[in-house]
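Close look at the chain arrangement
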Amino acid sequence: MSEAPLPHELVRFAHNSERQFAKLLDFYGIEWTYEPRTFTLEHDRDGRPAQAFSPDFYLPAYDLYIEITTLNQKLVTKKNRKIRRLREHYPEINCKIFYQRDYLSLVRKYGLEDMAG
């Protein structure tokens, strides 16, 4: 009898770091959804969305959105700006940035190196 696939095995992620994070959540049995909601951050003159943000993960048990970022400083700066705008427009939304170094620290701390690949 084969086991059911884990949630991270059923999703096509935009980046490997997202897949790794989902694997970690699955390992700990933490329920998550991938990019479940898009927040409009800016509208054009006609009222149409001009800039939007879809955090990578939502953890329902914690009512928390998580955005994973890489070590690319340009991307980190851009994502930090989007998180600030999200907080301005949606103060009730709890969203955290999870930097790649944070993930790698967890992998080392809990001996999960085999999951990082």
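Residues numbered from 1 in each chain as written. Predicted model: local features only at pLDDT ≥ 70, side-chain atom pairs only at ≥ 80, totals over all residues. Heavy atoms only, no water.

Details of the nonpolar core
Residues Phe 21, Trp 32, Phe 57 and Ile 66 are the most contacted members of the largest nonpolar core, which totals 15 residues. Secondary-structure elements contributing two or more residues to this core are α1 (16-27), β4 (57-59), β5 (64-69) and α3 (100-109). Top contributing element to this core by residue count: α1, with four residues. In this structure, Phe 39, Leu 41, Phe 53 and Val 76 belong to the second largest nonpolar core, which totals 13 residues. (Core = buried A, V, L, I, M, F, W, Y, C linked by side-chain atoms within 4.5 Å. Buried < 20%, exposed > 50% of the residue type's maximum accessible area, 1.4 Å probe, protein only. Helix = DSSP H or I, 4+ residues; strand = E, 2+ residues; numbered from the N terminus.)

Notes on the pairing of strand β6 (residues 95-99)
Counting buried positions over the five residues of β6 gives four, a clear majority of the element. Where β5 and β6 come together, five bridges link them in parallel fashion. Bridged to Ile 68 within β6 is Phe 98. (Pairing = 2+ DSSP bridges.)

Some details on unusual backbone geometry
Note: most residues except glycine have negative phi, and most peptide bonds are trans. Of note in this structure, Glu 35 is not a glycine but carries a positive phi near 45°. Secondary-structure assignment places Glu 35 in the loop between β1 (33-34) and β2 (39-43). A positive phi is found at Asp 63, a non-glycine position, where the angle reads about 45°. By the secondary structure assignment, Asp 63 is in the loop between β4 and β5.

So, the packing of aromatic side chains
One pass over the structure, following the stated rule, counts 11 aromatic pairs. Their ring planes at 75° and their centres at 4.8 Å tell us that Phe 13 and Tyr 34 sit as a pair that is edge-to-face. Here Phe 13 is found in the segment before α1, whereas its partner Tyr 34 is found in strand β1, with 21 residues between them in sequence. For the residue pair Phe 13 and Tyr 34, the accessibility class agrees, reading buried in each case. Between Phe 39 and Tyr 90, the ring centres sit 5.0 Å apart and the planes meet at 65°, which makes this aromatic pair edge-to-face. One end of the pair, Phe 39, is in strand β2; the other, Tyr 90, is in the loop between α2 (73-89) and β6, with 51 residues separating them in the sequence. According to the relative accessible area criterion, Phe 39 is buried, its value standing at 0%. (Phe/Tyr/Trp six-rings, centres within 6.5 Å; stacked < 30°, edge-to-face > 60°.)

Section: a positive patch on the surface
On the surface, a cluster of positive charge is contributed by Lys 74, Lys 78, Arg 81 and Arg 84. The residue Lys 78 is located in helix α2 in this model. (Patch = residues over 30% accessible without salt bridge, like charges linked within 9 Å, V, L, I, M, F, W, Y side chains within 5 Å. Areas by Shrake-Rupley, 256 points an atom, 1.4 Å probe, with all protein chains shown as cover. Salt bridge = Lys/Arg side-chain N within 4 Å of Asp/Glu carboxyl O. Lys, Arg positive; Asp, Glu negative; His and termini not counted. Charge placed at Lys NZ, Arg CZ, Asp CG, Glu CD.)

Let's talk about the layout of surface pockets
Approximately 260 Å³ is the volume found for the largest pocket. Contributing elements (two or more residues each) for the lining of the largest pocket: α1, β5 and β6. Partitioning the lining of the largest pocket into residue classes produces 13 nonpolar, no polar and one charged. (1 Å grid on protein atoms, 1.4 Å probe; cavity = no way out; pocket = protein on both sides within 12 Å on 5 of 7 lines; lining within 4 Å. Points joined across faces, edges and corners; volume = space filled by probe spheres on them. Nonpolar A, V, L, I, M, F, W, Y, C, P; charged D, E, K, R; others polar.)

Notes on the pairing of strand β3 (residues 49-53)
With four bridges connecting them, β2 and β3 associate as antiparallel partners. For His 43, the partnering residue across the bridge sits in β3 and is Pro 49. Between the end of β2 and the start of β3, which pair antiparallel, lie five residues, with Gly 47 showing a positive phi angle near 85°.

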